[in-house]
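Examining the three-dimensional arrangement
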Amino acid sequence: MADSTAPMPGSPMPSRKVKTLQKQWLEKLGALQFVLTLCSVPFFFLLLYHLLFTRLWSLCVLYMMWLYLDRDTPSQGGRRFVWPTTWAIWRHQRDYFPIKLVKTAELPPSQNYVLGAHPHGVMCTGTFSNFLTANSNFSRLFPGLQPWLAMMTIFFYVPLFREYIMIGGLRPASRHSLDFVLSQPRRGQAVVIVPGGAQEALYTARRRHRLQLRNRKGFVRLALRHGASLVPVYSFGENDTFRCMAFPKRSWQYLCQVTCKRVTSIAPCIFWGCGLFSPKSCGLLPLPVPITTVVGSPIPVPQCSNASEEQVDHYHRLYMDALERLFEEHKESCGVPASTHLTFY
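First things first, this report covers the structure right here in the doc. (Residues numbered from 1 in each chain as written. Predicted model: local features only at pLDDT ≥ 70, side-chain atom pairs only at ≥ 80, totals over all residues. Heavy atoms only, no water.)

**Details of the overall build of the chain**
- Within the chain, the regular secondary structure consists of 12 helices and 13 strands.
- In terms of overall size, the chain behaves like a compact globule, its C-alpha atoms giving a radius of gyration of 20 Å where 345 residues would be expected to give roughly 20 Å.
- For the chain, buried positions account for 51% of its 345 residues.
- In the chain, of all internal contacts separated by at least 6 residues, the share reaching a separation of at least 24 is 78%.
- Per element, the accessible surface of the chain, about 17600 Å² overall, is 61% carbon and sulfur. (Helix = DSSP H or I, 4+ residues; strand = E, 2+ residues; numbered from the N terminus. Rg over C-alpha atoms; globule rule 2.2 N^0.38 Å. Buried < 20%, exposed > 50% of the residue type's maximum accessible area, 1.4 Å probe, protein only. Contact = heavy atoms within 4.5 Å. Areas by Shrake-Rupley, 256 points an atom, 1.4 Å probe, with all protein chains shown as cover.)

**A look at the sheet that holds strand S9 (residues 243–244)**
- Spatially, S9-S10-S11 is the arrangement adopted by the three strands of the open sheet, whose pairing is antiparallel. On the outer flanks of this sheet lie S9 and strand S11 (282–283), each paired with one strand and no other.
- The sheet contact formed by strand S10 (residues 271–274) and S11 spans two bridges and is antiparallel. From the neighbouring strand, Gly273 faces S11, where its bridge partner is Gly283. (Pairing = 2+ DSSP bridges.)

**Quick notes on the packing of helix H8 (residues 175–182) against helix H10 (residues 218–226)**
- Two elements in contact, H8 and H10, have axes separated by 11 Å at closest approach and are oriented at 35°. For H8 against H10, the interelement crossing comes out right-handed. Contact with H8, carried on its side by Arg175, Leu178, Asp179 and Leu182, involves Leu222, Arg225 and His226 of H10 and no other residues of that element.
- Considering only residue class, the contact of H8 with H10 consists of three nonpolar, one polar and three charged. (Axes fitted to C-alpha atoms, helices over the stretch in contact; angles between N-to-C directions. Left-handed = near helix turned anticlockwise from the far one by under 90°. Nonpolar A, V, L, I, M, F, W, Y, C, P; charged D, E, K, R; others polar.)

**Thoughts on helix H12 (residues 309–330)**
- Look at H12: 32 Å from first C-alpha to last across 22 residues, which is about the 32 Å you get at 1.5 Å a residue.
- For H12, the complete set of buried residues consists of Val312, Tyr315, His316, Tyr319, Met320, Ala322, Leu323, Leu326, Phe327 and His330. All buried residues of H12 project into a common sector of 165° when viewed along the axis, lining one side. For H12, the exposed residues lying more than 90 degrees away from the buried face are Glu310 and Glu329. (Expected span 1.5 Å × (residues − 1). Arc of directions from axis to C-beta.)

**Here we look at the pattern of salt bridges**
- Under the definition given, this model contains 14 salt bridges.
- Among the ionic pairs, Lys103 bridges to Glu106, the shortest N-O distance being 3.0 Å.
- Among the residues examined, Lys103 registers a relative accessible area of 9% and is labelled buried.
- As a salt-bridge pair, Arg225 and Asp179 come within 3.1 Å of each other at their nearest N and O atoms. Within this pair, whereas Arg225 is found in helix H10, its partner Asp179 is found in helix H8, the two being separated by 46 residues in sequence. (Salt bridge = Lys/Arg side-chain N within 4 Å of Asp/Glu carboxyl O.)

**Structural notes on the pairing of strand S6 (residues 189–193)**
- With five of five residues buried, S6 is to be regarded as a mostly interior element.
- Residues of S6 alternate between two faces, with Gln189, Val191 and Ile193 on one and Ala190 and Val192 on the opposite face, all of them buried.
- Both strand S3 (residues 113–118) and S6 contribute to a ladder of four bridges, which runs parallel. Counted as the bridge partner of Val114 is Val191 from S6.

**Looking at a nonpolar patch on the surface**
- Side chains of Leu56, Trp57, Leu59, Val61, Leu62, Met64 and Met65 sit close together on the surface and give an oily, nonpolar patch of about 680 Å² of accessible area.
- For Leu59, a relative accessible area of 53% gives the class exposed. (Patch = residues over 30% accessible without salt bridge, like charges linked within 9 Å, V, L, I, M, F, W, Y side chains within 5 Å.)

**What about the packing of aromatic side chains?**
- Applying the stated criterion across every chain yields a total of 18 aromatic pairs.
- Here the aromatic rings of Phe34 and Phe128 are separated by 4.7 Å at their centres, their planes lie at 40°, and the arrangement is tilted. Separated by 94 residues along the polypeptide, Phe34 in helix H1 (residues 21–39) and Phe128 in helix H5 (residues 125–132) bring together distant segments of the chain. Both residues of the pair, Phe34 and Phe128, count as buried.
- Relative to Phe53, the ring of Tyr49 has its centre 5.2 Å away and its plane inclined at 65°; by these criteria the two rings are edge-to-face. We note that Tyr49, like Phe53, is exposed. (Phe/Tyr/Trp six-rings, centres within 6.5 Å; stacked < 30°, edge-to-face > 60°.)

Any functional reading would require information that these geometric values do not contain.
As C-alpha cells, this is what we get:
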C-alpha cells in the first residue's frame, strides 16, 4: 500500500508539529468556507431575483441570456483553470481534518477510469479535497491521470455558482458530460462519480457505513460504453465530520426529505458540527475527524456500446465485491472496529 504521508515500515513515528494559533484559525476558516459555499446555493437565486428590481436589472437580463447561450458549456469541457485548485485555503482545509490519500495499486495512464467514490456523507469533503484540489499529491501518486469530479447537474444552473465550480474542474453528472470526457483522444482520463448521490446523504450517520449502491448501475454502464476500468474508492471518516439527524424510513420526516429530493434533486439533510469559537458548541464547522481516502485496484472492463443487463449486473457485482474487500482490508488501520461492515441499500 502506497501512502503519501505514512512513514516507512520500521522507521520512527514523526513528531507531531504544534500548530500556531494563526494556523489553527486558517484551518478552521478553510473548512468552514467549503461548507458555507455549498450552503449558499439558494442565496445566488435570491440575489439574482433581488437585482432584477434594482437599477442593475439590465445586467441580470444580460446574465440570464448568457446562461441560456452558455448552457452546453459545462457538458462540453467547461472552463477549467489550474490556479483555483492551488489556493492555499484548500491546503488549510486538508490540514484541519486532516485529509489523506492512500494508493493501493497502480493506475497506468494508458487507460481511462471510472472511480466510484463512497460514501457521499454530507459534503463529499474527502472526495473533493483529494480529487479536485492540488494538495493531495494525486498527481504524484497517479502520474499522467487527469481526475474529473462529477457533480449533480442542477448545480450547473445556479447563477454565478456554476462559473465558480466550472473553473475548479467540476463536471455535470450527466451522460452527455461524462461521455464527452471519456471520449477524448488523450488517455488517462479519470471520472470520479459518487454513485450513492443525494439519497446516500440521507443515510449519513457517525460510525455507520451505509451505501446506496444495489440499484445504482449508471456508472457501470458508463465504464462499459468506453471500456474504462472501474476503481472502488472509500473515504474513511467522511460520515463522521458532522452529526446528522437520521429519520426512520417510514417516518413523515423521511418522506418529506425524499419528496424534496425528488423535486429539487437535493437531499435536505439536518446536520451540525461544532462552533467556530468553541468545539463544545454547535455550528457549521465540521468536526476535526481524520479522513482517509483509499483508492482500490482497477477492475478491467471491456468496451461494449450496447451492454446487456447481464453484463452490467456482472461488473456491478464485481465492483461491489471489490469495494467490500477494500473496506475490510483497510477499516482497522483507519480506526473502524473489526466488527463493523458495509451495509448496502
